[in-house]
Amino acid sequence: MRLIEAIRSALSAIMANALRSLLTMLGIVIGVAAVIAMVAIGSGARNLVDQQIRSLGANLAIVTPGNVTQGGARLGAGAASSLTDEDAQAIRREIDGVVAAAPFVQGGAQVVAAGSNWGTRIYGIDLDWFSAREWDVATGRTFDPEEMRRGDIVILLGQTVARNLFGDEDPIDRVVRVRNVPFRVIGVMASKGQSAFGQDQDDVVFVPLDAGRRRVIGRNYAKDRSVGSIFVKFANESDIEPGIGNITELLRQRHRITGEQEDDFSIRNLTEIANTASASANTLSMLLAAVAAVSLLVGGIGIMNIMLVSVTERTREIGLRLAVGARPRDILSQFLIEATTLSTIGGALGIGLGAGAAYAVAQLAGWPSLVSTNAILMAVGFSALVGISFGFYPAQRAAKLDPIEALRRE
Amino acid sequence: MALIETRDLSRVYDLDAGRVVALDGVSLAIDQGDFVAVMGPSGSGKSTFMNLIGCLDRPTGGHYRLAGTAVESLNADGLARLRNREIGFVFQQFNLLPRVDALGNVELPMIYAGFDRRTRREHALQALGRVGLAERAHHRPMQLSGGQQQRVAIARALVNSPSLLLADEPTGALDSRTANEIMALFQELNREGATIVLVTHDAEVGRHAQRLVRFRDGRVTEDRRQTPIDARDLAPEAAE
Ligand SMILES: Nc1ncnc2c1ncn2[C@@H]1O[C@H](COP(=O)(O)OP(=O)(O)OP(=O)(O)O)[C@@H](O)[C@H]1O
Ligand SMILES: [Mg+2]
């Protein structure tokens, strides 16, 4: 009860100098806003990275044809496809720790159904794709080995494509045309949502590797067995590094590359890329934390300053309170509560501002916006702590005043 | 037993410019129910004396007992308690909190006495009623006349039912008509049993007090009883 009254009277003292109080709070507001935004953006970024790893599949490397420079000329990856599905089979067969090697081809395609059509990406894949990407069908079934072998003209639709072509109807066993080739729909993929870059990963269709290579994509896959790239999935993260070395060895052998000759392929460790991104998200968080700490400090000094001014201005009031029976500790707690109320209001404003900023950043970056309860509690705690620690010295000065001297002061 | 008893009470200021003896060995006893007017030229030590017996200042020498308590032996909290429970102080400059209404100002001593909100409100309204300001309870000091402000200050001094009411030139900032009203109020409070020590420059007021104490150069130069203490309301042991 006493505390509530003390807070109420602190509020009225703060409101008596509303503008000054607001300016004083600014440091805390910015500091807390930085903390909130930091935590939200940091965890947003980390979530994004996690999601990226999850949507790609864990412990993944990708083998792409052609190296970055060849004889000084920069060639786009895939410009000259040197990889084949036999390479993928060899990787699967011979490299320790590999659980899946998924060769694929890809291209753009217009998919036409009875009454509508939809432009999307088409992938020719083999059965390892599903385990490598940890991606299964939601309804229907995946390709069977027979269909794969024969290159049957069957197709799996991503959620977005299914919805756009068939609405609420069941697309299974319906026929869609891609480049005038009729494909029978045998399944609809589970939803993967947006990718890191805001791409709709469900806007996609899958056909058997051979069907894709021969019937619809073709362009860069002149050689019969060429593939665009190969996803390689390892059992454990620790298998990836040695595995990449072994794959390099294997492919050089298979492609008859010797001595000083450069590789005609490149391998990237996708998990490592994700981890690097996660690390840089952490660095960003640390930087924001430093900003937050500095501005909380500055905010605290601001509060100390204004409380000292306030104690000086209200010396007579303090004298009067002492004269009617306030104990030194009553005066101490009055000013401490005032400083803490000031900083906590600043903290609350900061939470609002920080949450707003985090939301704006999340909207711009297409991240999930996360303002955690923990961050809010931490911010409130921190700002109260700032108020108490920086309000203590002024409050103590007030409490040490001599009643008669305080009353005499003008 | 006297309510107030000072023995060789002195207050010396050690300034860079030299020693100032503001109070020079005052021995005085004041009984419960008395109305004492303190007079004397400017700088004679009247305020110094009031501040000492009001426990706002500490003496540099001598002894002081208030209601049986040896004040010198008290720490800051003990002094605060005395100021809160035993003493009501009325200042020349009113010293009201400007942002708080009359009721809130009167409640202030009760906050530090630890009363709950409802009791405070009740007693504060009663005290305001006693000084004739019940209707002004929710006015702020700025919205009150000087006389009314001093009445609020008197209500504040009364609210914890102290055994001693001290007033240092309570009418010094008021015009003479208002001053007379305030003095009448003090006399009424005294008739109701309050022990009052009041500093004044007004000889008329001095004549109406039951006892007149005159200061000069930090000493008591005259101590005259003008009217016997009305003993009706006193407890038997205090009456002696
Ligand atoms: N804080 C102080 N520091 C130094 N000297 C002081 C202080 N307070 C009072 N004095 C001195 O003590 C003496 C007594 O002052 P006091 O205020 O008690 O006089 P007073 O009788 O109340 O006068 P007045 O009628 O003008 O109010 C004066 O000489 C004054 O200068
Ligand atoms: Mg004086």
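Every value quoted in this text rests on a predicted model; they were computed, and no experiment measured them.

**Q** Please clarify how the overall build of chain B should be interpreted in this entry.
**A** The secondary structure content of chain B amounts to 8 helices and 10 strands. For 240 residues, the compact-globule formula gives about 18 Å, and the C-alpha radius of gyration of chain B, at 18 Å, lands near that figure. In terms of its C-alpha atoms, chain B occupies a principal-axis envelope of roughly 45 × 45 × 40 Å. Buried positions account for 52% of the 240 residues belonging to chain B. Sequence separation of 24 or more characterises 69% of the internal contacts of chain B that already satisfy a separation of 6 or more. In the form shown here, chain B has an accessible surface area of approximately 11000 Å², with 46% of it arising from carbon and sulfur atoms.

**Q** I tried to follow the site of ligand 1 on my own but got confused; where do I start?
**A** The full set close to ligand 1 counts 15 residues, and S42(B), G43(B), K46(B), S47(B) and T48(B) are the nearest of them. Surrounding ligand 1 are residues belonging to chains A and B, so the site spans chains. The contact in question runs from an oxygen atom of ligand 1 to an N or O atom on the side chain of H201(B), over 3.3 Å. Here ligand 1 has 630 Å² of accessible area as a free molecule, and 68% of this is covered by the chains. Sorting the residues of the shell around ligand 1 by element identifies β1 (4–15), β2 (18–30) and α1 (46–53) of chain B as the ones contributing at least two each. Examining the composition of the shell around ligand 1, we find that 3 residues originate from one element, α1(B), more than from any other. For the shell around ligand 1, a count of residues per class yields 5 nonpolar, 7 polar and 3 charged.

**Q** Please clarify how the interface of chain A and chain B should be interpreted in this entry.
**A** The interface is formed by 26 residues belonging to chain A together with 22 residues belonging to chain B. Taking both sides of the interface into account, the surface hidden between chain A and chain B amounts to around 2100 Å²; carbon and sulfur atoms contribute 54%. Summed over the three residues of chain A that lose the most area to chain B, namely L320(A), V324(A) and I404(A), the buried surface amounts to 24% of that side. Linking chain A with chain B are 2 salt bridges, by the criterion used here. Two residues, D77(B) and R329(A), come together in a salt bridge whose shortest N-O distance is 2.6 Å. Across the chain A-chain B interface, the total number found is 6 residue pairs in polar contact (both at pLDDT 80 or more). Taken together, the elements giving at least two residues each to the side of chain A that touches chain B come down to α1 (2–16), α10 (315–323), α11 (328–365) and α13 (403–408) of chain A. For the side of chain A that touches chain B, the residue count by class is 11 nonpolar, 3 polar and 12 charged.

**Q** Would you mind going over the pairing of β1(B) with me for this structure?
**A** Residue and element names in this part refer to chain B. Two strands pair when backbone bridges link them, and β1 and β2 are joined in this way by 10 bridges, in the antiparallel orientation. Bridge pairing in β2 places E5 opposite A29. Between β1 and β2, which pair antiparallel and follow one another directly, the connecting turn spans 2 residues. Looking at chain direction, β1 and strand β4 (residues 61–66) are connected through 5 bridges and run antiparallel.

**Q** I keep staring at the packing of α1(A) against α11(A) and nothing clicks. Help me out?
**A** Describing two packed helices takes the angle between their axes plus the distance from one axis to the other. Residue and element names in this part refer to chain A. Running from N to C, α1 and α11 point in directions that differ by 70°, and their axes come no closer than 9 Å. Taken together, the axes of α1 and α11 are roughly perpendicular relative to one another. Where α1 approaches α11, its residues L3, A6, I7, A10, L11, A13 and I14 are matched on the opposing element by I337, E338, T341, L342 and I345. Of the residues assigned to the contact of α1 with α11, the class counts are 10 nonpolar, 1 polar and 1 charged.

**Q** How should I be thinking about the nonpolar core in this particular structure?
**A** Looking at soluble globular proteins, one finds that nonpolar side chains tend to be buried together. Among the nonpolar cores identified, the biggest contains 67 residues, and L66(B) and V197(B) are the most heavily contacted of them. Ranked by residues supplied to this core, first place goes to helix α12 (residues 373–399) of chain A with 7 residues. Ignoring any residue separated from it by four or fewer positions in sequence, one finds V197(B) in contact with I30(B), V36(B), V38(B), M50(B), I53(B), L164(B), L165(B), L166(B) and A167(B).

**Q** So what exactly am I meant to see when it comes to the packing of aromatic side chains here?
**A** Aromatic rings in a pair are described by how distant their centres are and how their planes are angled relative to each other. All names here are of chain A. Scanning the entire structure with this criterion turns up 11 aromatic pairs over all chains. Ring centres of Y123 and F206 lie 5.6 Å apart, and the angle between their planes is 45°; on these two criteria the pair is classed as tilted. Of this pair, Y123 sits in strand β5 (residues 117–125) while F206 sits in strand β10 (residues 204–208), and the two are 83 residues apart along the sequence. Each of the two residues, Y123 as well as F206, counts as buried. These aromatic residues form a ring-pair network of at least three members: F104, Y123, W129, W135, F206 and F231.

**Q** Can you walk me through the confidence of the model for chain B in this structure?
**A** Residues and elements named next belong to chain B. Residues of chain B with pLDDT of at least 70 account for 95%, and the chain-wide mean is 91. Every residue in residues 231–240 is under pLDDT 50, and counting partners more than four places away or in other chains gives 11 contacts. Overall fold confidence for the complex sits at a pTM of 0.72, while the interface term, ipTM, reaches 0.92.

**Q** Just to check I follow, could you spell out the sheet that holds strand β8 (residues 196–199) of chain B for this structure?
**A** Strand pairing within a sheet occurs via backbone hydrogen bonds; the two strands may be parallel or antiparallel. Residue and element names in this part refer to chain B. The strand order β6-β7-β8-β3-β9-β10 describes an open sheet built from 6 strands, whose pairing is mixed. The strands lining the two open edges of the sheet, one partner per strand, are β6 (87–90) and β10 (219–225). Within this sheet the neighbouring strands show an average axis-to-axis angle of 15°, counted without direction. As paired elements, strand β3 (residues 35–39) and strand β9 (residues 211–216) share 4 bridges and run parallel to each other. Note on β9: the bridge partner recorded for A37 is L212. Together, β3, β6, β7 (164–168), β8 and β9 form the strand contacts of α1, whose direction differs from that of β7 by roughly 150°.

Rules and cut-offs
- Residues numbered from 1 in each chain as written.
- Chains lettered and ligands numbered in written order.
- Predicted model: local features only at pLDDT ≥ 70, side-chain atom pairs only at ≥ 80, totals over all residues.
- Heavy atoms only, no water.
- Helix = DSSP H or I, 4+ residues; strand = E, 2+ residues; numbered from the N terminus.
- Rg over C-alpha atoms; globule rule 2.2 N^0.38 Å.
- Buried < 20%, exposed > 50% of the residue type's maximum accessible area, 1.4 Å probe, protein only.
- Contact = heavy atoms within 4.5 Å.
- Areas by Shrake-Rupley, 256 points an atom, 1.4 Å probe, with all protein chains shown as cover.
- Near = heavy atom within 4 Å.
- Polar contact = N/O pair within 3.5 Å; in protein donor to acceptor, adjacent residues only side chain to side chain.
- Nonpolar A, V, L, I, M, F, W, Y, C, P; charged D, E, K, R; others polar.
- Buried area = accessible area lost by both parts, 1.4 Å probe.
- Salt bridge = Lys/Arg side-chain N within 4 Å of Asp/Glu carboxyl O.
- Pairing = 2+ DSSP bridges.
- Axes fitted to C-alpha atoms, helices over the stretch in contact; angles between N-to-C directions.
- Parallel < 35°, antiparallel > 145°, perpendicular 65-115°, else oblique.
- Core = buried A, V, L, I, M, F, W, Y, C linked by side-chain atoms within 4.5 Å.
- Phe/Tyr/Trp six-rings, centres within 6.5 Å; stacked < 30°, edge-to-face > 60°.
- pLDDT = per-residue confidence, 0-100.

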